[in-house]
Protein chains: 2
Amino acid sequence: MVTMMIEAEMASLAEEVSGIISSLLQKEDPLFKSAYHLPSHGGKRMRPYLVIKSCEAVGGEKESAVTPAAAVELLHNFTLVHDDIMDNDIMRRGVPTVHVLWGTPTAILAGDLLFAEAFDAILGSTLDDYRARRVASILAKATIRLSVGQFQDMSFEGRDDILEEEYLEMISGKTATLFRACAEIGAVIGGGREEIIAKLGEYGWNLGMAFQIFDDYLGMTSSEDELGKSVGNDLREGKKTLIVIKGMQTKSKDAIKSLLGNRNTPQAELSSLISSLREEGVLDYVRGKAMGYVEDAKRALSCLPDSNPKESLVQLVEFAVKRRK
Amino acid sequence: MVTMMIEAEMASLAEEVSGIISSLLQKEDPLFKSAYHLPSHGGKRMRPYLVIKSCEAVGGEKESAVTPAAAVELLHNFTLVHDDIMDNDIMRRGVPTVHVLWGTPTAILAGDLLFAEAFDAILGSTLDDYRARRVASILAKATIRLSVGQFQDMSFEGRDDILEEEYLEMISGKTATLFRACAEIGAVIGGGREEIIAKLGEYGWNLGMAFQIFDDYLGMTSSEDELGKSVGNDLREGKKTLIVIKGMQTKSKDAIKSLLGNRNTPQAELSSLISSLREEGVLDYVRGKAMGYVEDAKRALSCLPDSNPKESLVQLVEFAVKRRK
């Protein structure tokens with residue numbers, strides 16, 4: 001029920017954000033066409049929602065946050081386009097990836113263009129100079145950490161001794177950093193006090209951690225129709241998710257080792273492994289880990305007075321661990 | 001003589017700029033190591049020089065321009081790292097390219113990191129909010145045009161009917177846009193009036209056009225030792241430079257067609273083609289074209305009062321068409 005309410009609200013704001021993205025990218029130029037491909041195929045727009053609700057939660061107006069929210073979504077899409085090249089992913093959001101459709105050189109450039117458009121949107125927005133600079137600065141710093149996180153993720157390939165701490169550090173950089181940035185950006189735009197900006201950042205970071213851990217969980221437990229990509233893809237690609245890391249400590253270790261990174265693993269073998277991991281409590285452990293971050297995220301919100309936008313932020317963190325895709 | 005003077009001054013400022021770049025990128029992290037590879041291997045640092053001298057030419061202080069100048073160099077290096085992947089270039093500045101040393105995924109990320117560091121440096125500089133925002137905005141817009149220019153360059157591959165106008169439009173986006181941005185950025189930082197900022201932008205754009213056309217000329221007429229890469233590389237890669245475009249209108253047409261894009265062309269065949277192009281006046285035509293932009297660049301400076309920095313800008317444009325590499 002809660003999930004449905006927030007999904008409707010997210011969908012409504014997503015439409016507004018999509019309108020801005022379309023006005024920035026829908027051009028005749030063929031490079032713009034390839035850059036617009038991924039953002040035009042949906043996505044949950046959780047990050048824009050987080051920017052807007054964080055702005056409202058500190059008393060700011062939605063209108064001032066919509067363009068920066070669209071910019072954050074562009075930045076997120078830039079990282080996806082480049083990550084898909086690096087990870088050789090062929091499908092995302094139910095459609096072929098940019099490098100599959102237009103080749104790697106164009107996909108690199110399309111990502112670069114999305115990155116530049118994100119900054120151009122913020123710097124050209126109606127924000128005053130102080131806020132435009134600060135928002136762009138938060139985003140630049142986040143991108144540096146995102147790149148380091150993605151690099152760390154790639155460096156896990158070929159290693160079967162990843163520690164849980166290493167995994168958590170990696171997703172902190174690769175995912176939670178941008179969620180933190182979104183919440184801070186919203187709070188800066190809304191004129192929040194410094195300690196409130198920091199608390200919202202903490203909320204965003206915990207939300208991001210919960211979201212990523214649950215995402216890894218979903219990738220193993222959802223269905224292909226719901227995900228828009230194959231179940232167990234992470235395993236096929238050799239991704240060291242928390243499920244893999246914990247599973248390596250159980251009697252499924254050998255099964256994981258033989259399937260990990262094998263792109264031709266039949267679905268039946270994967271399903272059998274997933275059943276074992278469920279029986280051995282690995283799936284519950286991972287879900288529980290996500291729930292811990294959910295609690296921390298909610299706790300960070302306690303500094304805010306009760307309001308509708310605060311309630312939306314609470315719902316957002318619940319949505320992060322209740323969604324099916 | 002003039003060339004030697006400006007080279008000494010460029011080298012001195014380059015050292016200062018390199019110090020800032022080193023402080024931003026010289027870190028233990030392996031991704032930073034690959035990102036630092038190209039900027040740590042020299043380059044002429046023409047773009048930082050242009051930022052600093054444009055700032056001084058409107059009465060600004062060098063100190064306020066040095067960090068943004070380093071940022072522009074980072075942005076330039078980001079485009080080189082990504083372009084080298086797209087163009088399959090294996091050497092630059094006399095050393096192997098980033099993707100050759102660390103693979104394409106790391107090179108994509110290293111470029112992304114340089115891009116983010118460029119914005120972070122500007123937004124974290126001592127510039128006031130108005131200038132930091134405007135400088136970052138100029139750079140974001142330039143990056144959009146750079147991406148479109150690189151895309152256009154790639155789209156020339158496989159076409160043998162490129163018009164001179166198309167070529168000029170492509171290098172305007174791919175090269176001259178960033179030179180324009182550098183001059184504008186310097187003028188903004190130095191507190192120049194709007195019409196002076198525009199005139200310096202015009203100077204920078206013409207300088208960039210002259211530089212790129214002369215660069216194509218050098219790539220066919222210099223020596224491997226001086227270039228740090230093979231003579232005729234552009235031809236081997238199938239690049240449609242102005243020399244190729246004009247050469248296609250001469251009796252060398254068939255020779256060009258057979259060599260273009262052939263990576264195994266022996267040096268002797270290339271040398272023979274270059275001799276023919278020289279005899280047929282193609283090399284002179286291209287050099288003359290560059291000289292036309294040199295004159296326009298100098299003319300744009302006439303709005304500035306005489307000063308040492310103005311003299312440096314005049315020398316810079318002469319250097320652009322007198323250098324050997």
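Residues numbered from 1 in each chain as written. Chains lettered and ligands numbered in written order. Predicted model: local features only at pLDDT ≥ 70, side-chain atom pairs only at ≥ 80, totals over all residues. Heavy atoms only, no water.

As a further point, take the environment of B:Asp29. Mapped onto the fold, B:Asp29 is located in the loop between helix 1 (2–25) and helix 2 (30–40). Residue class for B:Asp29 comes out partly exposed when judged on its relative accessible area of 23%. (Helix = DSSP H or I, 4+ residues; strand = E, 2+ residues; numbered from the N terminus. Buried < 20%, exposed > 50% of the residue type's maximum accessible area, 1.4 Å probe, protein only.)

Residues and elements named next belong to chain B. The interhelical angle for the contact between helix 3 (residues 46–57) and helix 8 (residues 164–189), taken along N-to-C directions, is 35°, at an axis separation of 6 Å. Two packed elements cross with a definite hand, and for helix 3 against helix 8 that hand is right-handed. Of the residues in helix 8, those touching helix 3 at Met 46, Arg 47, Leu 50, Val 51, Ser 54 and Cys 55 are Leu 178, Phe 179, Cys 182, Ala 183, Ile 185, Gly 186, Ala 187 and Ile 189. (Axes fitted to C-alpha atoms, helices over the stretch in contact; angles between N-to-C directions. Left-handed = near helix turned anticlockwise from the far one by under 90°. Contact = heavy atoms within 4.5 Å.)

The next thing to look at is the relation of the copies chain A and chain B. Between chain A and chain B, the superposition needs a rotation of 180° and an axial shift of 0.0 Å, giving an RMSD of 0.0 Å. Expressed as an axis order, the relation between the two copies is that of a two-fold axis. When the interface residues of chain A are mapped onto chain B, 100% of them again fall at the interface, so both copies present the same face. (Least-squares fit on C-alpha atoms with pLDDT ≥ 70 in both.)

Turning our attention to the interface of chain A and chain B. With 40 residues of chain A at the contact, the number on the chain B side is 40 residues. Run the count over chain A and chain B and you get four salt bridges. Here A:Arg133 and B:Asp129 are joined by a salt bridge, their closest N and O atoms 2.8 Å apart. The tally of links from chain A across to chain B stands at twelve residue pairs in polar contact (both at pLDDT 80 or more). Residue assignment for the side of chain A that touches chain B shows that the elements contributing at least two residues are helix 2 (30–37), helix 4 (62–87), helix 6 (104–123) and helix 7 (129–155) of chain A. Residue contributions to the side of chain A that touches chain B peak at 15 residues, all from helix 7 of chain A. (Salt bridge = Lys/Arg side-chain N within 4 Å of Asp/Glu carboxyl O. Polar contact = N/O pair within 3.5 Å; in protein donor to acceptor, adjacent residues only side chain to side chain.)

What follows concerns the pattern of salt bridges. Under the counting rule described, the total for this entry stands at 50 salt bridges over all chains. Between A:Arg45 and A:Glu73 there is a salt bridge; the shortest N-O distance is 3.1 Å. On the criterion of sequence distance, the pair formed by A:Arg45 in the loop between helix 2 and helix 3 (46–57) and A:Glu73 in helix 4 is long-range, its members being 28 residues apart. Overall, the relative accessible area of 5% leaves A:Arg45 in the buried class. Note that B:Asp306 and B:Lys310 form a salt bridge whose closest N and O atoms lie 3.1 Å from each other. By relative accessible area, B:Asp306 is classed as exposed at 71%. Put simply, A:Asp87, A:Asp153, A:Lys174 and A:Lys239 are held in one network by salt bridges that share partners.

A few words on the nonpolar core. A:Phe119, A:Tyr203, B:Phe119 and B:Tyr203 are the most contacted members of the largest nonpolar core, which totals 236 residues. Filtering out sequence-adjacent residues up to four positions away, B:Tyr203 remains in contact with B:Leu50, B:Ala297, B:Ala300, B:Leu301, B:Leu313, B:Leu316 and B:Val317. (Core = buried A, V, L, I, M, F, W, Y, C linked by side-chain atoms within 4.5 Å.)

A few words on helix 7 of chain A. Residues and elements named next belong to chain A. For helix 7, spanning 27 residues, the distance from its first C-alpha to its last is 39 Å, which sits close to the expected 39 Å at 1.5 Å a residue. In terms of burial, helix 7 is largely enclosed, as 19 of its 27 residues are buried. Of the residues flanking the start of helix 7, the one acting as N-cap is Asp 128, its side-chain oxygen 3.2 Å from the backbone nitrogen of Tyr 130. (Expected span 1.5 Å × (residues − 1).)

The share of residues in chain A with pLDDT of 70 or more is 96%, and the mean pLDDT across the chain is 94. Overall fold confidence for the complex sits at a pTM of 0.95, while the interface term, ipTM, reaches 0.95. (pLDDT = per-residue confidence, 0-100.)

We now examine the state of the cysteines. All names here are of chain A. Tallying each qualifying case throughout the model produces zero disulfides over all chains. Cys 182 forms no disulfide, and the closest cysteine sulfur to it belongs to Cys 55, at a distance of 13 Å. For Cys 182, a relative accessible area of 0% corresponds to the buried category. Its sulfur unpaired, Cys 303 is 15 Å from the next cysteine sulfur, which belongs to Cys 55. Using a relative accessible area of 32% as the deciding quantity, one classes Cys 303 as partly exposed. (Disulfide = S-S within 2.5 Å.)

Taken as a whole and assessed by the stated rule, the structure comprises twelve aromatic pairs over all chains. Between the aromatic rings of A:Phe214 and A:Tyr217, the centroid separation amounts to 5.4 Å while the plane-to-plane angle is 35°, which identifies the pairing as tilted. Of this pair, A:Phe214 and A:Tyr217 both sit in helix 9 (residues 194–221), three residues apart, roughly one helical turn. Connected via pairs of aromatic rings, a cluster forms that spans A:Phe78, A:Phe115, A:Phe119, B:Phe78, B:Phe115 and B:Phe119. The side chain of A:Lys246 reaches across the aromatic face of A:Tyr285, ending 4.2 Å from its centre. (Phe/Tyr/Trp six-rings, centres within 6.5 Å; stacked < 30°, edge-to-face > 60°. Lys NZ or Arg CZ within 6 Å of the ring centre and 35° of its normal.)

Before going further, it helps to examine the packing of helix 7 of chain A against helix 7 (residues 129–155) of chain B. Closest axis-to-axis distance for the helix 7 of chain A/helix 7 of chain B pair is 8 Å, and the angle between their directions is 50°. As summarised for this structure, helix 7 of chain A and helix 7 of chain B are arranged oblique, according to the angle between their axes. The handedness of the crossing between helix 7 of chain A and helix 7 of chain B is left-handed. In contact with A:Asp129, A:Tyr130, A:Ala132 and A:Arg133 of helix 7 of chain A, helix 7 of chain B contributes B:Asp129, B:Tyr130, B:Ala132 and B:Arg133. Grouping the amino acids of the contact of helix 7 of chain A with helix 7 of chain B by side-chain chemistry returns four nonpolar, no polar and four charged. (Parallel < 35°, antiparallel > 145°, perpendicular 65-115°, else oblique. Nonpolar A, V, L, I, M, F, W, Y, C, P; charged D, E, K, R; others polar.)

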